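For reference, the chains in residue letters:
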Amino acid sequence: RGAHLAHPMATKQKEGKMDILFDIHTHTHYSDGKSSVAENAQAARGRGLVCGISDHGPGHPWYGVRPRTLLRSAEEISALPSAWKNGRNLRVLQGIEANLMNEMGETDIPSFPGLDYRLLGYHKGMFPKSTFARSMQLLAARNLEEARQRMTDAMIAAVEGERVDVITHPGAYIPVDMARLAKAATARGVLLELNQRHPMSPADAAAALEAGAHFLLSSDAHRSDLIGVIDRPLEVARKANIEPTRIFNSPGYRWTGAFRLERLKDKLLGVD
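Described below are features of the structure shown in this document. Keep in mind that what you see is a predicted model, and the values were worked out from it rather than measured.

## Section: the packing of helix H3 (residues 131-142) against helix H4 (residues 144-161)
And step 1. Interhelical geometry of H3 versus H4 gives an angle of 145° and a closest axis separation of 6 Å. Residues Phe132, Met136, Leu139, Ala140 and Arg142 of H3 form the contact with H4, whose participating residues are Leu144, Glu146, Ala147, Arg150, Met151 and Ala154.
And step 2. When its residues are assigned to classes, the contact of H3 with H4 shows 8 nonpolar, no polar and 3 charged.

Spelled out as structure tokens, the structure:
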């Protein structure tokens, strides 16, 4: 478990500092988190961060949020103070962490009009009810390399066929061919996540970097007090020589319009 970082979420990155401006992978009690929307928002505000609420998609058998729950979450976001300021507007965005449902790359992203952004990940917790999760777990136990390539194929199919902005914790639970995934994701404007709870190996991060990936640092916080805690992904970024110019939520990122999430630039940067 990571330690809290000093406001504004700074830690050493080589000789300088690395800050993040937003943390959009957080969970609430509506899925498997412990805190409310308001508690997450307040914690992010105290750390000077734009916050995103991204509970698990409806395909998750244990923690998936249904459309009525998403509506309730969106209503709670709308009810938050509209002009929280701490040098800039500290917005709260409504997202989702969708589930990879099958080898064709289909997801459980709901047709909910209030979603600002869409994360996508493979979750072992779909097992045992998910045929896909069960088959991948069994295959990994029997032939890990085959499972690695088939998971990579499924994720590539998802970024090519679905409205996905970020692949969360790639390589967690089932390894992937990180260079091949990174190349396909970058070509489609999709970011790869460096995750606090499920850190990528420095070797995989370096392979993704060489293949052209841009990265999003996330806490994947399941409690409000862990929002913005990113010491583990920062250490991975340091070891893989990933510069701030390739980290999407760093102040040093160069916005070029090449990535899908850049459509939210003003919201993510707290601009009116």
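## Quick word on the packing of aromatic side chains
And step 1. Counted by the stated rule, this structure contains 6 aromatic pairs.
And step 2. An aromatic cluster is present here, built from Phe22, Phe248, Tyr253 and Trp255 joined pairwise through their rings.

## What about helix H6 (residues 202-210)?
Because an α-helix completes one turn every 3.6 residues, residues spaced three or four positions apart along the sequence face the same direction.
And step 1. Burial in H6 covers these residues: Ala205, Ala208 and Leu209. Relative to the axis of H6, the buried residues are bounded by an arc of 100° and lie together on one face. In H6, the exposed residues that point more than 90 degrees away from the buried face are Ala203 and Glu210.
And step 2. Here the buried face of H6 lies against helix H5 (178-187), strand E8 (191-195), strand E9 (215-218) and helix H7 (231-239).

## Description of H5
And step 1. Those residues of H5 not exposed but buried are Met178, Leu181, Ala182, Ala184 and Ala185.
And step 2. Those residues of H5 that are buried are in contact with H4, E8 and H6.
And step 3. Immediately downstream of H5, the backbone of Gly189 shows phi near 75°, a positive value.

## Notes on the packing of H4 against H5
When two helices pack together, their arrangement is given by the angle between the helix axes and the distance between those axes.
And step 1. Relative orientation of the contacting elements H4 and H5 amounts to 5°, with a least axis distance of 9 Å. In terms of their interaxial angle, H4 and H5 are classed as roughly parallel. Contacts from Gln149, Thr152, Asp153, Met155, Ile156 and Val159 in H4 reach Arg180, Leu181, Ala184 and Ala185 in H5.
And step 2. Along the lines of polarity and charge, the residues of the contact of H4 with H5 split into 6 nonpolar, 2 polar and 2 charged.

## A look at the environment of Ala203
And step 1. The residue Ala203 is located in helix H6 in this model.
And step 2. With 36 residues separating them along the chain, Ala203 and Lys239 place their C-alpha atoms 8.6 Å apart.

What counts and what doesn't
Residues numbered from 1 in each chain as written. Predicted model: local features only at pLDDT ≥ 70, side-chain atom pairs only at ≥ 80, totals over all residues. Heavy atoms only, no water. Axes fitted to C-alpha atoms, helices over the stretch in contact; angles between N-to-C directions. Helix = DSSP H or I, 4+ residues; strand = E, 2+ residues; numbered from the N terminus. Contact = heavy atoms within 4.5 Å. Nonpolar A, V, L, I, M, F, W, Y, C, P; charged D, E, K, R; others polar. Phe/Tyr/Trp six-rings, centres within 6.5 Å; stacked < 30°, edge-to-face > 60°. Buried < 20%, exposed > 50% of the residue type's maximum accessible area, 1.4 Å probe, protein only. Arc of directions from axis to C-beta. Parallel < 35°, antiparallel > 145°, perpendicular 65-115°, else oblique.

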